[in-house]
Amino acid sequence: MVEHANSQRRRRRRTLSVLAGTAVAVVAAALAVGSVPFARAEASLVPATSDGWAGIVRDEVTIPMEGGWVSKGELTYPRGAKGRLPTVVLLHGSGKNDLNETVDTGATPLEQVAQTANHQGFAVLRFNKRGVVDVGPKLSDNPAFLYPAKPYEQVVRDAAAAVRFAAKSSRVDTGRLFLFGHSEGTQVASNLAAAPRTYGIPGPAGVVEMGVVSGTPREVVYYQAVGAGLGQLHDEFDFDGDGLLTADEVTKGLLGQPAGTAQQLRPLLLDGVHDDKVNSRLDANGDGKLAIDAEVRPAVEAAAGFAKYPNLTNAPKGFADYLVDIARFPTPAQDLVHYHGSVLLLNGQTDIQTRVRGAIVTDAALTTAGNRDHKLITYPGMGHFLNVTPQYNPAEANPDPVVLADIGKWLARHR
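Residues numbered from 1 in each chain as written. Predicted model: local features only at pLDDT ≥ 70, side-chain atom pairs only at ≥ 80, totals over all residues. Heavy atoms only, no water.

Chemist: Before we move on, could you go through the packing of helix H5 (residues 151–167) against helix H12 (residues 319–326) and cite the residues and values that matter?
Modeler: Between H5 and H12, the shortest axis-to-axis distance is 6 Å and the interhelical angle comes to 65 degrees. Taken together, the axes of H5 and H12 lie roughly perpendicular to each other. Here Pro151, Tyr152 and Glu153 of H5 come into contact with H12, specifically with Asp321, Tyr322, Asp325 and Ile326. Counted by class, the contact of H5 with H12 contains four nonpolar, no polar and three charged residues. (Axes fitted to C-alpha atoms, helices over the stretch in contact; angles between N-to-C directions. Helix = DSSP H or I, 4+ residues; strand = E, 2+ residues; numbered from the N terminus. Parallel < 35°, antiparallel > 145°, perpendicular 65-115°, else oblique. Contact = heavy atoms within 4.5 Å. Nonpolar A, V, L, I, M, F, W, Y, C, P; charged D, E, K, R; others polar.)

Here is the structure:
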């Protein structure tokens, strides 16, 4: 049986990747319903254009993996290309992603990257993650495929299986094999690049990372679930910067916010009956103001259940196991220092899921390690998908054409 994507998405949560919650909704959801606030942003549909495949051959493939799982995918390459080609293997963000990394808005980030690489003369391998049986994504109902015992390690091992599959293709030049990772995929790419023999893969000729993971899983999840929402209150509500919210500041801060977010926050931060007063339930010292860090933060932390980390309140099945498992593996900043090939790091400056500081730290680590071919590009006003979007109410969309052009130029120089 296959369960349709819409019902699956309601149960799906993403961490260290394409977890696209608005920060305002983080605070609202936590205070309102006491759940882990992994809310999704509302965004307009950004469809992929079919003409991006013009001149490209699309070969359907099946990739055998451990435990009887077989992943469907595509090996794409320029029509008329002869001989073995430089090849990119695309590695998704976390969650049950299909080969395009299709998100709820209809955006298909990895499809866009694949087309970009194909038009630069590269072959590209895309594949469904374990448990995903079709685009959408549509998922298997087999728990063994959806909830492996070591969920992150299985992701890495599956990625290695995909690389080995690519290396066996008559279209692929194993000496010019590149890894491209988005979000969780940046850590996967780094783990593979640092220890190719461990995973039985050829040493990659280059690594491209978009939305670079940094910090411990707890740090990342804490910021996504708590810190980003509080950050928005500081940045967009606290007009005088004193760390305290008056009723007037809350009222003004709500202006221009998405309707759903404003409807959630108004009764939570304000009295509800008298909008000229803050919510007394949060105003512990009764001074008529809400201290963002002293009074709002504890409520959000308690609602999220961080005292019981990794067993967060209302977290989806397998989430705690994932957090424990991924913590065993090095981050890009820790692992890429053992890799001496070419590296391109890309990050939005207003990414609230994998913050830009992680990419900067990773790039600095490469400099210290003596890597002579690494480049960091950060993009103002862009979020986790490298699209222009509001910082605290990010929309899931395809990467900006400027970003795709930078990827294409870098690949062309390294092919």
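Chemist: Which residues make up the nonpolar core, and what values do they have?
Modeler: In terms of nonpolar packing, the biggest core is built from 70 residues, with Val89, Leu91, Leu125, Val188, Leu192, Leu233 and Phe306 touching the most fellow members. Discounting residues that sit within four places of it in the chain, Leu125 has contacts with Val61, Ile63, Glu74, Leu75, Val88, Val89, Leu90, Ala162, Phe165 and Ala166. Core analysis: the second largest hydrophobic core is formed by 25 residues, Ile56, Ala114, Val403 and Ile407 among them. (Core = buried A, V, L, I, M, F, W, Y, C linked by side-chain atoms within 4.5 Å. Buried < 20%, exposed > 50% of the residue type's maximum accessible area, 1.4 Å probe, protein only.)

Chemist: So what's going on with the environment of Thr174? Residues and values would help.
Modeler: Its location among the elements puts Thr174 in strand E8 (residues 172–182). Using a relative accessible area of 34% as the deciding quantity, one classes Thr174 as partly exposed. Sequence spacing of Thr174 and Ile201 is 27 residues, and the spatial spacing of their C-alpha atoms is 9.4 Å. In this structure Thr174 touches Ala167 and Pro202, once residues within four positions along its chain are discounted.

Chemist: How would you sum up unusual backbone geometry? Please name residues and give values.
Modeler: For the peptide bond that leads from Gly136 to Pro137, omega is -10 degrees, which places it in the cis range. In this structure, Pro137 sits in the loop between strand E6 (132–134) and strand E7 (138–140). Backbone torsion omega between Tyr309 and Pro310 reads 10 degrees, so that peptide bond is classified as cis. Even without glycine at this site, Glu101 takes up a positive phi of about 55 degrees. Here Glu101 lies in the loop between strand E4 (85–91) and helix H3 (109–118). Given the relative accessible area of 0%, Glu101 is considered buried. One non-glycine residue with positive phi stands out, namely Leu386, at about 55 degrees. Tracing the backbone through its elements, the reader meets Leu386 in the loop between strand E13 (374–379) and helix H15 (401–414).

Chemist: Requested: an account of the sheet that holds strand E12 (residues 342–348), with residues and values cited.
Modeler: Read from one edge to the other, the open sheet built from eight strands follows the order E2-E3-E5-E4-E8-E9-E12-E13, with strand pairing classed as mixed. Each end of this open sheet is capped by a strand with a single partner; those strands are strand E2 (56–64) and E13. For this sheet, the mean angle separating the axes of adjacent strands, direction not counted, is 20 degrees. In this structure, E2 lies alongside strand E3 (residues 70–78), joined through nine bridges in antiparallel fashion. Bridged to Arg58 within E3 is Thr76. With respect to the sheet, H3 is in contact with E2, E3, E4, strand E5 (123–127) and E8, its orientation differing from that of E5 by roughly 165 degrees. (Pairing = 2+ DSSP bridges.)

Chemist: So what's going on with the pattern of salt bridges? Residues and values would help.
Modeler: If you walk through the whole model with that rule in mind, you get twelve salt bridges. Residues Arg157 and Glu66 are paired through a salt bridge, measuring 2.6 Å at the closest nitrogen-oxygen approach. One end of the pair, Arg157, is in helix H5; the other, Glu66, is in the loop between E2 and E3, and 91 residues separate them in sequence. Several salt bridges share partner residues, and in doing so they unite Glu66, Glu153, Arg157, Asp325 and Arg328 into one network. (Salt bridge = Lys/Arg side-chain N within 4 Å of Asp/Glu carboxyl O.)

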